[in-house]
Amino acid sequence: MNAQSTLDPITLEILFNVLRSITDETFIALTKSSYSTNIKERRDHSTAICDLDGRLIVQAESSLPIHLASMTGLMEKLLTKFSLEDIHEGDLFVANDPHVAGGTHLPDINLAMPVFIDGKPIAFICNIAHHADVGGMAPGSMAGGMSEIYQEGLRIPVVRLFRQGELQEDLLEVLLLNVRIPEERRGDYYAQIAACRLGERRLKEAVETYSVSILQSAFVEIVDRAEQRMREGIEQIPDGSYIFEDVMDDDGLGTVNIPIKVKIDVAGERIRFDFTGTARQVAGNINVTLNATQASVAYCLKALLDPKIPNNQGVLEVCEIECPEGTLLNCIAPAPVAARANTSQRIIDVVIGALAEAMPDAVVGAANGANTTAVFSGTDPLSGNEYLYLETLGGGFGGRNDRDGKDGVQVHITNTSNLPVEVIEMEYPLRVLRYELVEDSGGAGKYRGGLGLRRVVAPVGHDCNFNGAGERFGNKPWGIFGGQSGGMGRFIHTTTDGIEAQLEFKPSGIVLKDGEKLTVETPGAGGYGKPTNRSPEAISEDRDSGKFSKAYLKRNYEK
């Protein structure tokens, strides 16, 4: 870190807000100009500014925490492959591959565009968006059952999509040939490109007010101050070693109860996370690359210590991670990684579990621990066009030291929204028959866990295909300090005769006939503190809310 600031605090704060406004504006532009519901409605994308060393300086406020390391990963690979002398004004780079291009899974398409002033590069405008499909063996590119990354979709190394302002049409043709619904994919690419160009214009406008040298000094100090705040927070954690472990339900290919272990050593302003003892990488697509593990750990530490610290390279710098290569959390090619977000959620659970003793007022009961994925695809019977509806649904958030957990929300590393019923029925030939909270799915406690969601979907006038990926479908999200566990998730296929069949945790290739129903139930979350300490007013509110059965209330609170 710098020994002394080169900018006065007021100028630095103004510049930080200028840069953040640029990332926020580009985030909104990408939202409003994209084609797919996963981006324009659910906002599964992020925007950022990186410096010439590839360090992430500012990330949009609404960005996803898991994308932090994806964008820095891209920049690291980009600057390894190309020197700054090889990068020209008007270039725009695209990549997605987790093993060679710094990504975390293939649906997240990364773009990076250099910004030039007087013929010299000063920074990069970056964004990342989750495309609803990138090809591969299953619609949506996220299904269980994939055993190598080649099956998951199109792998893109770091390459130029634009060369000195000229679109490389042949490359775009390759990208679109390998995906489903290519016109929708083209629209999402164009939205990302437009967001990069907007960011370039805004950063050049900032230079007209503040010189390049002042702007680049701000880059250094923004990162240094974030790192300093993180280290000051770490010093508040009692020195010692903290251990915890949990399991993933399965990998979709027969391996079950897959362990994730962590030992956290704290000494002064240093903290070290050792994941030795975690399972070897598995055949199914729940593996995680090291940068995704880094993003998960950094998010968790920031959330526990100081949630108002800006998300940038300084947050990553404090996290010392030991994670043996070839394991679940530091996988190597050709490991499949499509469902890596579920594993990232479990990384956060084990870090919270380990630090519970040291930080009892900051931790929470285990949240739903999943990005429950549901993908419906087929042919619209009216238009004759193919469609693909992908969504990851929220669930319960854990009980906290002073309040109940939230119901039916995205948790931790994901910052997306649930897709409204109206949008689903307007965009796709599907009908949502029920959309509600799952009764009794929040773990009891002094402060209860949040409830999971239930969505019942049926194809209209045609047969369609379904695939999904669930976690916390076989192992409950645990409570903390005496709080009870939350409910588990499940997928249910109901025939026209009313016969119900519970599907595997990571089903693929399920055919839904016209009139049949698919129910998605997401996990709830664990409670905080003993149920016997819940206040009579809170129990009365539970009784009146309709969220809990009489049997649940009697079992947990009437003893």
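Everything here concerns the structure above.
Along every chain, residues carry numbers that run from 1 in the direction the sequence is written. Residue-level local features of this predicted model are given only where pLDDT is at least 70; pairs of side-chain atoms are given and counted only at 80 or more, and the full residue set underlies all totals for whole chains, interfaces and linings. Only hydrogens and water are set aside; all other atoms, that is, all heavy atoms of the structure, feed into the side-chain values.

## What to know about the state of the cysteines
To count as a disulfide, a pair of cysteine sulfur atoms needs to be within 2.5 Å. For the structure on display, the rule yields zero disulfides. Summary of cysteine pairing: C50 is not part of a disulfide, and the nearest cysteine sulfur, belonging to C126, is at 3.8 Å. When its relative accessible area of 0% is taken as the criterion, C50 is described as buried. With no disulfide of its own, C300 lies 9.5 Å from the sulfur of C319, the closest cysteine sulfur. Burial classes: relative accessible area under 20% of the type maximum marks a residue as buried, over 50% as exposed, and values in between as partly exposed (1.4 Å probe, protein chains only).

## What about the side chain of R400?
Inspection of the secondary structure assignment puts R400 in the loop between β13 (386-393) and α10 (421-427). His is not counted here, nor are the chain ends, while Lys and Arg score as positive and Asp and Glu score as negative. Criterion for a salt bridge: a side-chain nitrogen of Lys or Arg within 4 Å of a carboxyl oxygen of Asp or Glu. Although R400 lies buried, it forms no salt bridge, and the closest oppositely charged side chain, D402, sits 5.5 Å away as judged by the N-O distance. Looking at R400, its side chain comes within polar contact range of the main-chain oxygen of D404, at 2.5 Å. Residues are treated as being in contact if the distance between any of their heavy atoms lies within 4.5 Å. Sequence-distant contacts of R400, that is, excluding residues within four places in its chain, are made with V364, G405, K406, Y447 and Y528. Helix numbers and strand numbers start at the N terminus; a helix is a DSSP run of H or I with at least 4 residues, a strand a run of E with at least 2. Polar contact is defined as a pair of N or O atoms within 3.5 Å, subject to the rule that within protein one atom must be able to donate a hydrogen and the other to accept it, and that residues adjacent in sequence are counted only when both atoms are side-chain atoms.

## As for the layout of surface pockets
What the largest pocket holds in volume is close to 1100 Å³. Grid points spaced at 1 Å and placed over the protein atoms alone form the basis of the search, with a cavity being a set where a 1.4 Å probe fits but cannot get out and a pocket an open set showing protein on both sides within 12 Å along at least five of seven lines. Lining residues have an atom within 4 Å of a point. Lining the largest pocket are 41 residues, and of these K302, A303, P307, K308 and I309 sit closest to its centre. Of all elements in the fold, only α1 (9-33), β2 (56-59), α6 (212-234), α7 (290-305) and α9 (340-355) reach the threshold of two or more residues within the lining of the largest pocket. Here the residues of the lining of the largest pocket sort into 24 nonpolar, seven polar and 10 charged. Grid points are joined across faces, edges and corners, and a volume is the space filled by probe spheres set on the points. Counted as a void, the second largest pocket has a volume near 420 Å³. Lining the second largest pocket are 23 residues; nearest its centre among them are G73, E76, K77, N291 and Q294. Of all the elements in the fold, those that place two or more residues in the lining of the second largest pocket are α3 (67-81), α7 and α8 (313-317). Lys, Arg, Asp and Glu make up the charged group, whereas Ala, Val, Leu, Ile, Met, Phe, Trp, Tyr, Cys and Pro make up the nonpolar group; the residues left over, Gly among them, are polar.

## Notes on the packing of aromatic side chains
Note on ring pairs: Phe, Tyr and Trp rings are taken, using the six-membered ring of Trp, and paired if centres are within 6.5 Å. Classes follow the plane angle, with under 30 degrees stacked, over 60 edge-to-face and the rest tilted. Enumeration according to the criterion identifies 12 aromatic pairs in this entry. Relative to Y528, the ring of F481 lies with its centre 5.3 Å away and its plane at 75 degrees, an arrangement referred to as edge-to-face. One end of the pair, F481, is in the loop between β16 (464-469) and β17 (490-494); the other, Y528, is in the loop between β20 (517-521) and α11 (536-545), and 47 residues separate them in sequence. On the basis of relative accessible area, F481 is assigned to the partly exposed category, the value being 39%. The class of Y528 is buried, set by a relative accessible area of 9%. Through a chain of ring-to-ring contacts, three or more aromatic side chains come together here, namely F376, Y387, Y389, Y428, F466, F473, F491 and F505. The rule for a charge over a ring is simple: NZ of Lys or CZ of Arg within 6 Å of the ring centre, and within 35 degrees of the ring normal. The aromatic ring of Y435 is capped on one face by R455, whose charged end is 4.1 Å from the ring centroid.

## Some points on empty space enclosed by the protein
Throughout the structure, instances matching the rule amount to two cavities of 30 Å³ or more. In this structure, the largest cavity occupies an estimated 160 Å³ of space. Contributing to the lining of the largest cavity are 21 residues, with D44, H130, R340, A341 and N371 lying nearest its centre. Among the elements that line the lining of the largest cavity, the one with the most residues is α9, at three residues. Classifying every residue of the lining of the largest cavity gives seven nonpolar, 10 polar and four charged. Considering only enclosed or pocket space, the second largest cavity measures out at about 40 Å³ in volume. Taken together, N96, I109, H131, D133, V134, L154, I156, L175, V179, R185 and Y189 make up the full set of residues lining the second largest cavity. Split into classes, the residues belonging to the lining of the second largest cavity amount to seven nonpolar, two polar and two charged.

## Side note on the environment of R229
Structurally, R229 is set in helix α6. In contact with R229, other than residues within four places in its own chain, are D306, K308, I309 and P310.

## Section: the nonpolar core
Counting residues in hydrophobic clusters, the biggest one holds 75 residues, and the most contacted among them are I264, F273 and F275. In terms of residue count, the dominant contributor to this core is α9 (eight residues). The residues contacting F273, other than those within four sequence positions of it, are V262, K263, I264, V297, L301, E320, I321, E322 and V351. What is meant by a nonpolar core is a set of buried Ala, Val, Leu, Ile, Met, Phe, Trp, Tyr and Cys residues, joined one to another through side-chain atoms within 4.5 Å.

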